[in-house]
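Summary of the model geometry
Take a look at the letters that make up each chain.
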Amino acid sequence: MSEHSTYVPGNAAEKWLDERLPVARFAKEHLMDFPTPKNLNYWWTFGAILVMCLGVQIVTGIILAMHYTPNVNLAFDSVEHIRRDVNGGRIIQATHAVGASMFFAALYIHIFRNLFFGSYKAPREILYILGVIIFILTMAAAFMGYVLPWGQMSFWGATVITNIFSAIPVVGESLLQLLRGGFAVGNPTLNRFFSLHYLLPFVIAALVALHIWALHVPGNNNPIGVDVKSTRDTVPFHPYYTLKDLYAMVLFMIPFAWFIFFAPDILGHPDNYIQANSQVTPTHIVPEWYLLPFYTILRAVDFNILFINSQLGGVIAMGMSMVALLVVPWLDTARVRSGLFRPIFKWFYVLFLINFIGLTYLGAQPAEGIYVTLAKVCTAYYFIHFFVVLPVLSRIEKPLPLPTSISESVLGKAHA
Amino acid sequence: MIKTKTFLAAVALASSLMAPAFAAEASAPIEKQTWSFAGIFGTYDENQLQRGFQVYREVCASCHGARLIAFRNLAEYGGPGFSEEQVKALAAEYEVVDPTVEGGVRAGVPADRWPSPFPTEQDARDANGGSLPPDFSVLAKARGLVDPFPSWIFNYFTGYSEGGVDYIRALLLGYHDEVPASAPEGFVLPEGKYYNDYFPGHAIGMAPPLQDEQVTYTPAEGEAEVPLTVEQYATDVAAFMMWMAEPGLVSRKETGFRVMLFLFLFAGLLYLTKRRIWKGIEH
């Protein structure tokens, strides 16, 4: 966005560089002068927090890879070796493990912020879709990372999740063997998961770069969802948002550090401290908490629909739950972006949020009794929200009057 | 609004229905203990770890290995606090398999891992009626409690990480000579198994390992007489197992306290800076 450029090379060397590779100009435009709506609230700091999370995972992960051994006989003990004998290993390993959970906590907040304030609407559809793809890849990376310590949950989680692919007609069985590198989860599986777990974060980082690029074309959405009208509506990114984001990052590090130092194992499952054993199946196989909503949707389909058996049905439902996210911009066609000005949407949003928490909770429960029914209800409502509630609301809802500009709305707030 | 209330009512109803399901799963409620190593300022009690080590060594170690523990760990910071000489002498009492020396065995040194009580898994099973005595290295973290809703939510705020030790202590105290009336209906104890309140399925392969006055404690200087009871032994050995699973706990928590202090201060300063910068901007 060169129209914002106020960069003037300070000396001959900067000028020389600017004519060849204008990195300083780029940084000034995009990291300092970038005009940002002045009314962003703290929910908007989670973008920066997520960049930090990705950075933390990559740095700690690279160090862990220096000490980890991807072999079925050595992996479990090599993680313990990191915890016990590597300098600072207990903290680095805990940061990486807890970091996955914190990453997803921030990711879910970021997504739900987006869904409430209608940030997925034009002209930010590509930005949003890139975000959903990042989310899906992050789930894949996290799942493969959880397999690496080679505990009981690692092994059985890998078995259950890779099994999903066998439901795909025609190619399913070959795909399953390709994923596992054999007929069952074993050493080849561990090796390829390690390789992919190392690769994916860099793919994610590249997509994050695109995500930020796509953000910098239309600029940020904001809590009232009204477009920026004049420079009075914005402040330069630096120092206003650099400082606000930094403050939010440090606040975020407080619960992060709490888990690392005082309860590093509370977010994991005790069974993962038992080395993988293909002869002993754990009583309940539970994925990590951040995969639970989708795991519930996968399990909720336990009946055959015409020629589609329950297993394939579950896979389709889980796939559709992600497709639903991808097509939200075209399901919700309401002109008003922000949920603040949508009196009915607001309540359905709350209901959707509660339903999503319900899906998470149910994923950790055994598939028996009342849980099965509840899982079906919550799964059905997940889809109803996207495919019925959003399109219908777009047509029938009468939004509240919007402020004419960001400046007007913040002035009104200050004087109220 | 009405919708939300109806939904919340439905959730409340549903969770009351779930309660029995939980109760059926967790056999008997396990009493949570007050451990010296719990909480932000938790540290191991050296005397307790030394007692627990004594119980482990004299009773448990004949069947249960600890392959990740090295003798040197016993003298390291935040552990039972043995001196290096004590550890050296202790290690020398053990024979360690070492194919690089003449005869294949030599006396242990502090760098050696705790020798396994059985040469192979099959030997271990043969000696124990087909059951495999689990290795103790990380066992305290491989077990846990099932907390009913909503108390597990509070665990995240209290940092409760002692579920494994609470379970192990309860297990050691949960034996019955005969199948009690509280056993599930139609329960039949298989041959060679023992009834335990807390073991999943109640039929455990391990005979009650502890008896009163089985291990003789020598009280440390200035330390009150420690009772020689099964309960005391169980508590001490559970604490020792927590140390085996988490030998760096003390330094981890100490670092954590400093990190927290820094983060709170830094966040406070950043907040003030941020407020100063945003001063005069309506937002």
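**Quick look at the overall build of chain B**
Within chain B, the secondary structure is distributed over nine helices and five strands. The linear arrangement of helices and strands in chain B, starting from the amino end, is α-α-α-β-β-α-α-α-α-β-β-β-α-α. Taken over C-alpha atoms, the radius of gyration comes to 24 Å for chain B, far larger than the 19 Å a tight globule of 283 residues would show. Seen along its three principal axes, the alpha-carbon backbone of chain B occupies a region of about 80 × 55 × 45 Å. Looking at chain B as a whole, 40% of its 283 residues qualify as buried. Counted over contacts in chain B with a minimum sequence separation of 6, partners at least 24 positions apart contribute 61%. For chain B, the accessible surface area stands at approximately 15,700 Å², while carbon and sulfur atoms represent 59% of it. Across chain B, the centroid of the 22 positively charged side chains sits 18 Å from that of the 35 negatively charged ones.

**Overview of empty space enclosed by the protein**
All names here are of chain A. Taken as a whole and judged by the stated rule, the model has six cavities of 30 Å³ or more. The volume enclosed by the largest cavity comes to roughly 120 Å³. F143, Y146, G157, I161 and P287 are the residues nearest the centre of the largest cavity, which is lined by 16 residues in total. Considering each element in turn, the lining of the largest cavity owes the most residues, seven residues, to helix α7 (residues 152-164). For the lining of the largest cavity, the class distribution of residues is 13 nonpolar, two polar and one charged. Space inside the second largest cavity adds up to approximately 70 Å³. Considering the residues around the second largest cavity, the lining is formed by Y108, I111, F112, L115, F135, F294, L325, F352, F356 and Y382. No other element matches the four residues that helix α5 (residues 89-117) contributes to the lining of the second largest cavity. In the lining of the second largest cavity, the residues fall into 10 nonpolar, no polar and no charged.

**Section: the layout of surface pockets**
Residue and element names in this part refer to chain A. What the second largest pocket holds in volume is close to 1,200 Å³. For the second largest pocket, the lining is made up of 44 residues, of which G47, H110, H211, I212 and L215 are closest to its centre. By residue number, the principal contributor to the lining of the second largest pocket is helix α9 (residues 187-216), which donates eight residues.

**A few points about the packing of aromatic side chains**
The tally for this structure, following the rule as stated, stands at 59 aromatic pairs over all chains. Measuring from ring centre to ring centre gives 5.1 Å for Y94 of chain B and W114 of chain B, while their planes differ by 50°; the resulting arrangement is tilted. With Y94 of chain B in the loop between α3 (84-92) and β1 (95-97) and W114 of chain B in the loop between β2 (105-107) and α4 (121-127), the pair connects residues that are 20 residues apart, well separated along the chain. Note that K244 of chain A overlies the ring of W278 of chain B, its terminal NZ or CZ placed 5.6 Å from the centroid.

**Examining the sheet that holds strand β4 (residues 194-196) of chain B**
Residues and elements named next belong to chain B. An order of β3-β4-β5 is seen for the three strands of this open sheet, with the pairing classed as antiparallel. Strand pairing shows two members of the sheet lacking a second neighbour, β3 (175-176) and β5 (203-204), which therefore form its edges. Pairing of β3 with β4 involves two bridges; the strand directions are antiparallel. Bridged to H176 within β4 is Y195.

**Some details on the side chain of N355 of chain A**
Tracing the chain through its elements places N355 of chain A in helix α13 (residues 345-363). Dropping the residues within four chain positions of it, N355 of chain A is found in contact with C378, Y381 and Y382 of chain A.

**Quick word on the interface of chain A and chain B**
Reports of interface size often rely on the accessible area that becomes lost once the parts have come together. The interface of chain A with chain B comprises 55 residues on the first partner and 54 residues on the second. Regarding the contact of chain A and chain B, the summed buried area is about 4,700 Å², with carbon and sulfur atoms giving 72% of it. For chain A, the biggest contributors to the area lost against chain B are R84, F261 and F262 of chain A; these three give 16% of the whole. Summed over the shared surface of chain A and chain B, the result is five salt bridges.

**A few points about the nonpolar core**
Within the largest apolar cluster, 123 residues are counted, with the highest numbers of intra-cluster contacts made by I49, L115, F135, F252, F294, Y382 and F386 of chain A. No other element matches the 16 residues that helix α10 (residues 237-262) of chain A contributes to this core. Core analysis: the next-biggest nonpolar cluster, separate from the first, contains 50 residues, Y56, L210, A234 and W243 of chain B among them.

**Observations regarding a nonpolar patch on the surface**
Residue and element names in this part refer to chain A. On the surface, a nonpolar cluster with roughly 630 Å² of combined accessible area is contributed by I316, M320, V323, I384, F387, V388, V392 and I396. Looking at the nonpolar patch, the elements with two or more residues in it are α12 (310-331) and α14 (370-396). Per-element tally for the nonpolar patch: the top contributor is α14, with five residues. The class for I396 is exposed, based on a relative accessible area of 59%.

**Focus: the pattern of salt bridges**
Counted under the stated rule, the structure contains 28 salt bridges over all chains. As a salt-bridge pair, E80 of chain A and R84 of chain A come within 2.8 Å of each other at their nearest N and O atoms. Placement of the pair is E80 of chain A and R84 of chain A together in helix α4 (residues 75-85), with a separation of four residues, close to one helical turn. For the pair formed by E80 of chain A and R84 of chain A, the shared burial category is buried. A salt bridge links D98 of chain B to R106 of chain B; the shortest N-O distance between them is 2.8 Å.

**Concerning the side chain of H64 of chain B**
All names here are of chain B. Along the polypeptide, H64 turns up in the loop between α2 (46-58) and α3. A polar side-chain atom of H64 sits 2.7 Å from the main-chain carbonyl oxygen of P134. The contacts of H64, once residues within four sequence positions are left out, are Y56, P117, P133, P134, F136 and M206.

**As for the confidence of the model for chain B**
Residues and elements named next belong to chain B. Per-chain confidence: chain B averages 89 in pLDDT, with 90% of residues scoring 70 or above. Between residues 1-26, whose pLDDT stays under 50, and residues either more than four places distant or in other chains, the model counts 22 contacts. Model confidence for the complex: the whole-complex pTM is 0.92, and ipTM, which rates the interface, is 0.92.

The rules behind these values
- Residues numbered from 1 in each chain as written.
- Chains lettered and ligands numbered in written order.
- Predicted model: local features only at pLDDT ≥ 70, side-chain atom pairs only at ≥ 80, totals over all residues.
- Heavy atoms only, no water.
- Helix = DSSP H or I, 4+ residues; strand = E, 2+ residues; numbered from the N terminus.
- Rg over C-alpha atoms; globule rule 2.2 N^0.38 Å.
- Buried < 20%, exposed > 50% of the residue type's maximum accessible area, 1.4 Å probe, protein only.
- Contact = heavy atoms within 4.5 Å.
- Areas by Shrake-Rupley, 256 points an atom, 1.4 Å probe, with all protein chains shown as cover.
- Lys, Arg positive; Asp, Glu negative; His and termini not counted.
- Charge placed at Lys NZ, Arg CZ, Asp CG, Glu CD.
- 1 Å grid on protein atoms, 1.4 Å probe; cavity = no way out; pocket = protein on both sides within 12 Å on 5 of 7 lines; lining within 4 Å.
- Points joined across faces, edges and corners; volume = space filled by probe spheres on them.
- Nonpolar A, V, L, I, M, F, W, Y, C, P; charged D, E, K, R; others polar.
- Phe/Tyr/Trp six-rings, centres within 6.5 Å; stacked < 30°, edge-to-face > 60°.
- Lys NZ or Arg CZ within 6 Å of the ring centre and 35° of its normal.
- Pairing = 2+ DSSP bridges.
- Buried area = accessible area lost by both parts, 1.4 Å probe.
- Salt bridge = Lys/Arg side-chain N within 4 Å of Asp/Glu carboxyl O.
- Core = buried A, V, L, I, M, F, W, Y, C linked by side-chain atoms within 4.5 Å.
- Patch = residues over 30% accessible without salt bridge, like charges linked within 9 Å, V, L, I, M, F, W, Y side chains within 5 Å.
- Polar contact = N/O pair within 3.5 Å; in protein donor to acceptor, adjacent residues only side chain to side chain.
- pLDDT = per-residue confidence, 0-100.

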